Structure formats: structure tokens, C-alpha cells
Amino acid sequence: MTSTATPSFPRRRESSDFEDMDTRLRGNDGAHSHVRGYDEQEAPSCLLRVSGLSHRFSTARDGRFAVQNASFSVAAGEVVAIVGESGSGKSTLLQCLAGRIQPSEGAVRYRDAQGEWLHVGTLSERQRRQLARTEWGYVEQHPADGLRMGVSAGANIGERLMGQGLRHYGQLRHTALDWMQRVELDVARVDDLPRAFSGGMRQRLQIARNLVTRPRLVLMDEPTSGLDVSVQAKLLDLIRLLVARMHLSALVVTHDLGVARLLAHRTLVMQGGRIVEQGLTDRVLDDPQHPYTQLLVSSVVAP
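Okay, so let's go over this structure. The model shown is predicted, which means the values in this text are computed figures rather than measured ones.

**A closer look at the packing of helix α6 (residues 199-211) against helix α7 (residues 229-246)**
It is at 10 Å that the axes of α6 and α7 come closest, and there the two elements cross at 10°. With respect to each other, α6 and α7 are oriented roughly parallel. Every residue of α7 that contacts α6 at G200, Q203, R204, I207 and L211 is listed here: V231, K234, L235, L238, I239, L242 and M246. Split into classes, the residues belonging to the contact of α6 with α7 amount to eight nonpolar, two polar and two charged.

**Here's the deal with unusual backbone geometry**
One non-glycine residue, E222, lies in positive phi territory at about 50°. Within the secondary structure, E222 is located in the loop between β9 (217-221) and α7. Relative accessible area serves as the criterion here: at 8%, E222 is assigned to the buried category. Phi is positive for H247, which is not a glycine, with a value near 55°. Relative to the assigned elements, H247 resides in the loop between α7 and β10 (249-254).

**What to know about helix α1 (residues 90-97)**
Most of α1 sits out of view: six of its eight residues are buried. Considered for burial, the residues of α1 that qualify are K90, T92, L93, L94, C96 and L97. A positive backbone phi angle near 85° is found at G99, which sits one or two residues after α1.

**Some remarks on the environment of G272**
Relative to the assigned elements, G272 resides in the loop between β11 (266-271) and β12 (274-280). Each C-alpha atom, one on G272 and one on E85, is 9.1 Å from the other, the two residues being 187 residues apart in sequence. Setting aside chain neighbours within four positions, we find G272 in contact with F65 and S88.

**Regarding the packing of helix α4 (residues 153-162) against helix α5 (residues 169-182)**
Relative to each other, α4 and α5 sit at 115°, their axes nearing to 9 Å. The two elements α4 and α5 cross, and the hand of that crossing is right-handed. Contacts from A153, G154, I157, G158, L161 and M162 of α4 reach α5 at L172, T175, A176, W179 and M180. Looking at side-chain class alone, the contact of α4 with α5 contains eight nonpolar, three polar and no charged residues.

**Some details on the nonpolar core**
Counting residues in each nonpolar core, the largest one holds 47 residues, and the members touching the most others are I157, W179, V183, I207, L211 and L263. Tallying contributions element by element places α7 first for this core, with seven residues. Judged by nonpolar contacts, the second largest core, of 30 residues, contains L53, A98, L217 and I275.

**A closer look at the packing of aromatic side chains**
For the structure shown, the criterion picks out one aromatic pair. One residue, R182, lies across the ring of W179, its end atom 4.5 Å from the ring centre.

**Some points on the sheet that holds strand β6 (residues 105-111)**
Reading across the sheet, the four strands line up as β4-β3-β6-β7 and stay open at both edges, with antiparallel pairing between neighbours. Edge positions in the sheet fall to β4 (67-75) and β7 (117-119), since each of these pairs with one other strand and no more. Going across the sheet, the axis of each strand differs from the next one's by a mean of 15°, ignoring polarity. Bridging between strand β3 (residues 46-55) and β6 involves five bridges; their strand directions are antiparallel. From the neighbouring strand, S51 faces β6, where its bridge partner is A107. This element, α1, spans β3, β4 and β6 of the sheet and lies at about 120° to β3.

**Digging into the pattern of salt bridges**
Any two side chains of opposite charge can pair, given that their charged atoms come close. This model, assessed by the stated rule, comprises 14 salt bridges. The partner of R129 in a salt bridge is E125, with the nearest N and O atoms 3.7 Å apart. Here E125 and R129 lie together in helix α2 (residues 125-134), a separation of four residues that amounts to about one turn. With its nearest N and O atoms 2.7 Å apart, the salt bridge here joins R209 to E159. Remark: E159 occurs in helix α4 and R209 occurs in helix α6; sequence separation between them is 50 residues. The class for R209 is buried, based on a relative accessible area of 14%. What makes E159 partly exposed here is its relative accessible area of 25%. Connected via shared salt-bridge partners are E125, R128 and R129.

The rules behind each value
- Residues numbered from 1 in each chain as written.
- Predicted model: local features only at pLDDT ≥ 70, side-chain atom pairs only at ≥ 80, totals over all residues.
- Heavy atoms only, no water.
- Axes fitted to C-alpha atoms, helices over the stretch in contact; angles between N-to-C directions.
- Helix = DSSP H or I, 4+ residues; strand = E, 2+ residues; numbered from the N terminus.
- Parallel < 35°, antiparallel > 145°, perpendicular 65-115°, else oblique.
- Contact = heavy atoms within 4.5 Å.
- Nonpolar A, V, L, I, M, F, W, Y, C, P; charged D, E, K, R; others polar.
- Buried < 20%, exposed > 50% of the residue type's maximum accessible area, 1.4 Å probe, protein only.
- Left-handed = near helix turned anticlockwise from the far one by under 90°.
- Core = buried A, V, L, I, M, F, W, Y, C linked by side-chain atoms within 4.5 Å.
- Phe/Tyr/Trp six-rings, centres within 6.5 Å; stacked < 30°, edge-to-face > 60°.
- Lys NZ or Arg CZ within 6 Å of the ring centre and 35° of its normal.
- Pairing = 2+ DSSP bridges.
- Salt bridge = Lys/Arg side-chain N within 4 Å of Asp/Glu carboxyl O.

Structure, rendered in C-alpha cells:
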């Protein structure tokens, strides 16, 4: 198995907020999942908690689970990467977390801005849409899926603000221009349609559309997929800068270990629908314990 070469990014420093405790947990099936991170039950700033989450599609062959017995948490201000090859269950897990797919088993709990724990799976469609418009963001793998291609770039950014009740045209346009500058898009193109933008520009616009409402949690599904290496590097630097400045929590699905190393405090490794290893990113990638993680790391082509 091989992996596309990625730019040589500087390694993230390990934060004391996510200090490793070198624990190992046993799953319900008796298999070991290598878990090297803080105890989620004791994390005072826990924002998202996933417990025993499993999902099986009705069309699955042999009744196989797309995701099986996934458990982890995300702290405020923490970036967690979910890595694994295609078909490992990464994107299905992300959609279950977002409430787009109702998991077959398990629970997803989110602590909202008022400090109340919400059971994502029991929210009504109206409540889920409200959460998605305010406290959450979702960056699609294909920008066209996360943008309204028939309206201008400025309208794409302003639409989420309108969903929160802002109606003043001048304020909406000013904010749109401000966010285009933040994501390094030419403000002169504020009235252009997204279909006139390149893939990298569309992804920047989608990021602006999601972050303009200052969400507390952002879910990203392969945000750099299909982009040229140079465009990918600039986009990753932008994401890292914005996440740090806004103190966002983020879950980033990627098949690229270079993306995980650059962005994430912690990394979860998925194989066949299961989380087989998780812990601080540098330790998972520099000292992998599970054979599958070792294979992933050894398969990366050096730049």
C-alpha cells in the first residue's frame, strides 16, 4: 500500500492540555485498541463524547458494520484527526457524529454553549439544523456540496448569519468582505459565483461560510482532497491558523498522515470500522503500536 507524498510540514508540539497517560483499553470483542491520551471521563473541558457507537447499513454484505464500537471524546480547543484507508469507516463515523446518519448503536453527546449535554441522536430535525447553523460547522470533502453554487461568494458567507437573524445588508456585506480577506480570497470577487472559483478557492470559501458564525465544533471531511500539493499546503496553514485563533474544536477526517501531523493534537486510527489506536498525534505516528498503524506509517512516501 502506498500513499501520496505530502509536503514536509513542521511537527505540532505536544500540548500539556492533552498529556498522554499511556492507557490501553479492551473492546467488547476482546480485541485491544491502543489508547494513549487523557481519560475522557476526567476531562473538565470535554465538548463531545462518543460512546460505543456502531452503524451497519441495511445494504451491507454479511451484515458488516461500517463503524463498530467507537468511543472517544473531544475537548474544547482540541483538534482530533481520524485517519485510515478508504472504506475504513472514517466518513461514516463523521456523519453519525453530525446527526446525518442515525447510528445503529451507541450515543453521541455534545455539551452546548449553555453547558447542557445534548444527545445528538434524539434531536429533532429542527434542533439539529439549528445546532448545525450556530454551534457546529461541517466542511464537505467536495466544496460544491457545502456551497450554494447559484449565489455569490458574499451571499454564501452571509447566509449563515441571516440564519441567526442578521438582516442588515451593509453588515452582511462588510462581514463577507472581512471573511474573504481572512481566508485570503480576493474581495473584488465577492459578487462572483463559486462555480467561477478554482477548487482551492471554493474550499476557502466553504471554510469562511462555516466559520463566520464562530462555531464551537467543526467537522471536516477530507478538506484537502483532490487539491494540488502547493494549494493543499497553503490551505492547511490557513486552517491551522484559524482554528488556533478562534480556539475551535475540530474533527478532521483524512487519509493523509501529513495532514494529521500538522493539524491534530490527537489522532484516531480506523481499520475495518474500528478504532484500533488513538493517542497524541506525534506518539501515534512516531511510535505506532498497532500493526495497521505501523503499516500506514511505513507506507508514506517520503517527500
